[in-house]
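Structure at a glance
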Amino acid sequence: MKQIHLLLIISVAFTVFLTAFSGCVSDRERTVIYDNETETLSYQGEQLTPIAQQRNNAIRGTQYIDRESYRLRVDGLVENPRNFTYEEIIGLPQTSKVIELNCVEGWSFNAKWTGVRIAEIFEETGVMENATTVIFYSTDGYSTSLDKDYLLENDIILAYKLNDVTLPPERGFPLQLVAEDKYGYKWAKWIVRIELSDSPYRGYWEERGYNNIADVGGPAFERRR
Ligand SMILES: Nc1nc2c(c(=O)[nH]1)N[C@H]1C(S)=C(S)[C@@H](COP(=O)(O)O)O[C@H]1N2
Ligand SMILES: [Mo]
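Note that this is a predicted model, so its numbers are computed, not measured.

Around ligand 1, 20 residues are found, and the nearest of them are R55, N56, I59, D140 and K189. R55 is positioned with one of its backbone polar atoms (N or O) 2.8 Å from an oxygen atom of ligand 1. Within the backbone of I59, an N or O atom sits 2.7 Å from an oxygen atom of ligand 1. Burial of ligand 1 by the surrounding chains reaches 98%, relative to a free accessible area of 530 Å². Residue composition of the shell around ligand 1, grouped by class: eleven nonpolar, five polar and four charged.

Structure below.
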């Protein structure tokens, strides 16, 4: 009877050890390959966080968007409202930069982002002078906004690649806003519409008390009447 107990304890301990150990190894050594694309783990002397170790966050889980039928609607205060196809977006001039994403929950990761500068989209659609606010809408009902000037002055990009890999569905395929120096909740994923407006706007988390400025290091919450 004693021996059976001992055997049971040993086998349980071994299983626990094996599970923990294998998870650890696969996390550290796995290079994620999606559709024959190999992940880049350093760029211009900077260490990038492997996708497998990057956390993500979404109000209603992963959205699956079809590449062929996808359209990015750009409207509001623009001369030429337009629907861009995925091919049209990736055909625009391409920019890459290494930027850290900081969630207000306290986690962060560093990645190489590749995509199109918002300025290119603005040029294509003829953004009007009086537009001040840019609103991003996603398929999960999420939305957020940023000042037009912030987007232009900082060469903010809409990314379609992450560490040189096409943005995976769980990470926002086809587009995630790379809102440099802003908290993660400004980094809209699964963007399907960009609206130019001349009045202030509060997005999903902003409406629930999060700061509309969202500067990394600044206050996460905002006192509202
Ligand atoms: N459409 C959509 N975009 C979103 C969210 C969301 O729930 N829905 N969550 C935001 C929050 S709170 C964070 S921290 C980042 C996480 O981005 P990641 O998946 O690239 O880590 O996505 C942001 N963009
Ligand atoms: Mo977040």
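Attention now goes to the layout of surface pockets. The space that makes up the largest pocket amounts to roughly 390 Å³. Looking at the largest pocket, it is lined by 24 residues, and the ones nearest its centre are N57, Y142, G184, Y185 and W205. The residue inventory of the lining of the largest pocket, partitioned by class, reads 14 nonpolar, five polar and five charged. As a volume, the second largest pocket reaches approximately 210 Å³. Per-element tally for the lining of the second largest pocket: the top contributor is strand β10 (residues 143–147), with three residues.

This part is about unusual backbone geometry. With omega at 10 degrees, the peptide bond leading from F173 into P174 counts as cis. Here P174 lies in the loop between β12 (165–166) and β13 (176–178). The backbone of W190 sits at a positive phi, close to 50 degrees, despite the residue not being glycine. Take W190: it is sitting in the loop between β13 and β14 (191–197). We classify W190 as buried; its relative accessible area is 1%.

Throughout the structure, instances matching the rule amount to eleven aromatic pairs. Aromatic pair Y137 and Y201: ring centres 6.3 Å apart, planes at 70 degrees, arrangement edge-to-face. Note that Y137 is positioned in strand β9 (residues 133–138) and Y201 in the segment after β14, a separation of 64 residues in sequence. Overall, Y137 belongs to the buried group, its relative accessible area being 19%. Owing to a relative accessible area of 21%, Y201 belongs among the partly exposed residues under this scheme. With 5.0 Å between their ring centres and 90 degrees between their planes, Y204 and W205 make a pair best called edge-to-face. Judged by its relative accessible area of 17%, Y204 is buried. Among the residues examined, W205 registers a relative accessible area of 30% and is labelled partly exposed.

Attention now goes to the sheet that holds strand β6 (residues 82–84). In space, the five strands of this open sheet follow the order β6-β5-β14-β9-β10, with mixed pairing throughout. Strands with a single pairing partner mark the edges of an open sheet, and in this sheet they are β6 and β10. Within the sheet, the average angular offset between the axes of one strand and its neighbour, ignoring direction, is 20 degrees. Note that strand β5 (residues 72–76) and β14 share four bridges and pair parallel.

Our next topic: the side chain of S145. By the secondary structure assignment, S145 is in strand β10. We classify S145 as buried; its relative accessible area is 4%. At 3.3 Å, the side chain of S145 forms a polar contact with the backbone oxygen of Y201.

Any two side chains of opposite charge can pair, given that their charged atoms come close. Considering all chains together, one arrives at 14 salt bridges under this definition. The residue K161 makes a salt bridge to E37 at a minimum N-O spacing of 3.7 Å. Of the two residues, K161 sits in strand β11 (residues 157–162) while E37 sits in strand β2 (residues 37–38), which places them 124 residues apart along the sequence. For K161, a relative accessible area of 26% gives the class partly exposed. You can call E37 buried: its relative accessible area is 17%.

About the thresholds
- Residues numbered from 1 in each chain as written.
- Chains lettered and ligands numbered in written order.
- Predicted model: local features only at pLDDT ≥ 70, side-chain atom pairs only at ≥ 80, totals over all residues.
- Heavy atoms only, no water.
- Near = heavy atom within 4 Å.
- Polar contact = N/O pair within 3.5 Å; in protein donor to acceptor, adjacent residues only side chain to side chain.
- Areas by Shrake-Rupley, 256 points an atom, 1.4 Å probe, with all protein chains shown as cover.
- Nonpolar A, V, L, I, M, F, W, Y, C, P; charged D, E, K, R; others polar.
- 1 Å grid on protein atoms, 1.4 Å probe; cavity = no way out; pocket = protein on both sides within 12 Å on 5 of 7 lines; lining within 4 Å.
- Points joined across faces, edges and corners; volume = space filled by probe spheres on them.
- Helix = DSSP H or I, 4+ residues; strand = E, 2+ residues; numbered from the N terminus.
- Buried < 20%, exposed > 50% of the residue type's maximum accessible area, 1.4 Å probe, protein only.
- Phe/Tyr/Trp six-rings, centres within 6.5 Å; stacked < 30°, edge-to-face > 60°.
- Pairing = 2+ DSSP bridges.
- Axes fitted to C-alpha atoms, helices over the stretch in contact; angles between N-to-C directions.
- Salt bridge = Lys/Arg side-chain N within 4 Å of Asp/Glu carboxyl O.

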